[in-house]
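Residues per chain are reported as follows:
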Amino acid sequence: MAIKIRDVKVILTAPEGINLVVVKVETTEPELYGLGCATFAYRHLAVKCLIEEYIKPLVIGKDVSKISQLWHLMHQNGYWRNGPIENNAISGVDMALWDIKGKMADMPLYDLLGGKCREGVPIYRHADGKDINELVENIFKYKEQGITTIRCQRGGYGGTYGKAPSTAPEGSPEGVYLDSHKYMRDTVELFDRIRSKVGYDINLCHDVHERLRPVDAIKLAQELEPYKLFFLEDAISLEQGEWLRQLRSKTTIPLAQGELFNNPYEWRFLIKEQLIDFIRAHISQIGGITPAHKLQIFAEEFGIKTAWHGPGDMSPVAHAANIHIDLASQNLGIQEWSGTEPPNFIIQELSDSKKALLGVFPGLPEYREGYVYANDKPGLGIDINEDEAAKYPCKNNVTTWTQTRLRDGTLQTP
């Protein structure tokens, strides 16, 4: 007799102060359930509504084994498709179904995807600092932990939210004010000083975060070439993707792109024309494990490596999914690891927020000397303590860090 979906629950929790959305799919088989990530931290209530009001009634009573069919059903049922709210909602159910499939087969997800290509997943971490000395200190801390690839910024992505600067017109609104040319000069100087202090044994990356005009992004890439970056990330905005043809022809720096991808048409030509070196998609943003596995295989055919997005604003369920896909991918490049520290760390050394995270999500993958390892349990291998999750409610605040403005107060648009 087929096992069917009995219920779909949405669990909202924020143990680190970041809104997380986890979906629990319960089945007609007692004690058999799966977990998925549907996190859209800045629109979490919209995702919750979509799942509870539309997707749940659509999938209740359906056979849990028919993952592909259910993915397409959820994807096309609303007619308009490929948006971040819908894709994250679909992802929550899709990941949970893969988790269930692994538990039914008594196999970890990586075995369902073809088995391990490697035993551990190489990761990179993000280092920031208020000045070059603090940044270099953080780089060396990661090096001591065995991490040899580090993404570097100074002062975040252009500044902090606040009152308009004196250089803006009178009456300009609050925001994150950007000076693109100053950012470019500072970034080149930053990498020059980092290399003078740490040498070339550490791989360095940089994330432009789509905050430059394409012509300026080309200039920045050319000026960063002497510092041998591992990759330059999101130098061109999603909406200006055609400019990657020109960027590719004018720099030798490896290019990473895609944490904002929603739609296959956004990455298809980039891969077919080999305009990028690393695909950076956020797997819940594109709809879950089902489309991510297809994207990974497609990229492999063109020599493009994966470097899945792994920020703090995705749940540990999605981090676990990243690791399982990585283990089974021949074309893994590297995995972003946001500091979701595993249980083999000494718990007393963790911050209160990290302790809270571990209490909510038992079964995290484990980090050791530059690599992350799956725990080899069936499915995704991760669970959720709903009582602990309820202790950390989400907050519905206005998002400010995305309110970026040019020097004259105009909102920065792609």
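Residues numbered from 1 in each chain as written. Predicted model: local features only at pLDDT ≥ 70, side-chain atom pairs only at ≥ 80, totals over all residues. Heavy atoms only, no water.

1. Thoughts on the sheet that holds strand 3 (residues 33-37)
Each strand in a sheet pairs with another by means of backbone hydrogen bonds, the pair being arranged parallel or else antiparallel. The antiparallel open sheet is built from three strands, whose spatial order is 1-2-3. If you trace the sheet from one side to the other, it starts and ends with strand 1 (5-13) and strand 3, each paired once. For this sheet, the mean angle separating the axes of adjacent strands, direction not counted, is 20°. Relative to strand 2 (residues 20-27), strand 1 runs antiparallel, the two being bridged by eight bridges. Looking at the pairing, Asp7 lines up with Glu26 of strand 2. (Pairing = 2+ DSSP bridges. Helix = DSSP H or I, 4+ residues; strand = E, 2+ residues; numbered from the N terminus. Axes fitted to C-alpha atoms, helices over the stretch in contact; angles between N-to-C directions.)

2. Considerations on the pattern of salt bridges
Applying the stated criterion across every chain, the model contains 24 salt bridges. Salt-bridge contacts for Lys48 lead to Glu52; the nearest nitrogen and oxygen are separated by 3.0 Å. In this pair, Lys48 and Glu52 are both assigned in helix 1 (residues 44-59), four residues apart and thus about one turn of the helix distant. Judged by its relative accessible area of 29%, Glu52 falls in the partly exposed class. (Salt bridge = Lys/Arg side-chain N within 4 Å of Asp/Glu carboxyl O. Buried < 20%, exposed > 50% of the residue type's maximum accessible area, 1.4 Å probe, protein only.)

3. Things to note about helix 2 (residues 67-77)
Looking at helix 2, one finds that the buried residues are Ile67, Leu70, Trp71, Met74 and His75. Buried residues along helix 2 cover an arc of 135° about the axis, so they all sit on one side. Exposed positions of helix 2 whose direction lies more than 90 degrees from the buried face are Gln69 and Gln76. Against the buried residues of helix 2 lie strand 1, helix 1, helix 3 (84-105) and helix 10 (289-301). Two residues or fewer after helix 2 comes Tyr79, characterised by a positive phi angle close to 70°. (Arc of directions from axis to C-beta. Contact = heavy atoms within 4.5 Å.)

4. So, the packing of helix 5 (residues 132-144) against helix 6 (residues 180-198)
A pair of packed helices is captured by two measures, namely the crossing angle of their axes and the spacing between those axes. Two numbers describe how helix 5 lies on helix 6: the axes approach to 11 Å, and their chain directions differ by 50°. Viewed along their axes, helix 5 and helix 6 adopt a mutual orientation that is oblique. Considering the relative orientation of helix 5 and helix 6, their crossing is right-handed. Side by side, helix 5 and helix 6 meet where Ile132, Asn133, Leu135, Val136, Ile139 and Phe140 of the first sit next to Leu190, Arg193, Ile194, Lys197 and Val198 of the second. Taken together, the residues of the contact of helix 5 with helix 6 break down into eight nonpolar, one polar and two charged. (Parallel < 35°, antiparallel > 145°, perpendicular 65-115°, else oblique. Left-handed = near helix turned anticlockwise from the far one by under 90°. Nonpolar A, V, L, I, M, F, W, Y, C, P; charged D, E, K, R; others polar.)

5. Describing unusual backbone geometry
Positive phi outside glycine occurs at Asp106, with the angle close to 55°. Mapping Asp106 onto the fold places it in the loop between helix 3 and helix 4 (109-112). Within the chain, His209 stands out as a residue other than glycine whose phi angle is a positive 65°. Locating His209 in the fold gives a position in the loop between strand 7 (203-207) and helix 7 (214-224). By relative accessible area, which is 15% here, His209 ends up buried.

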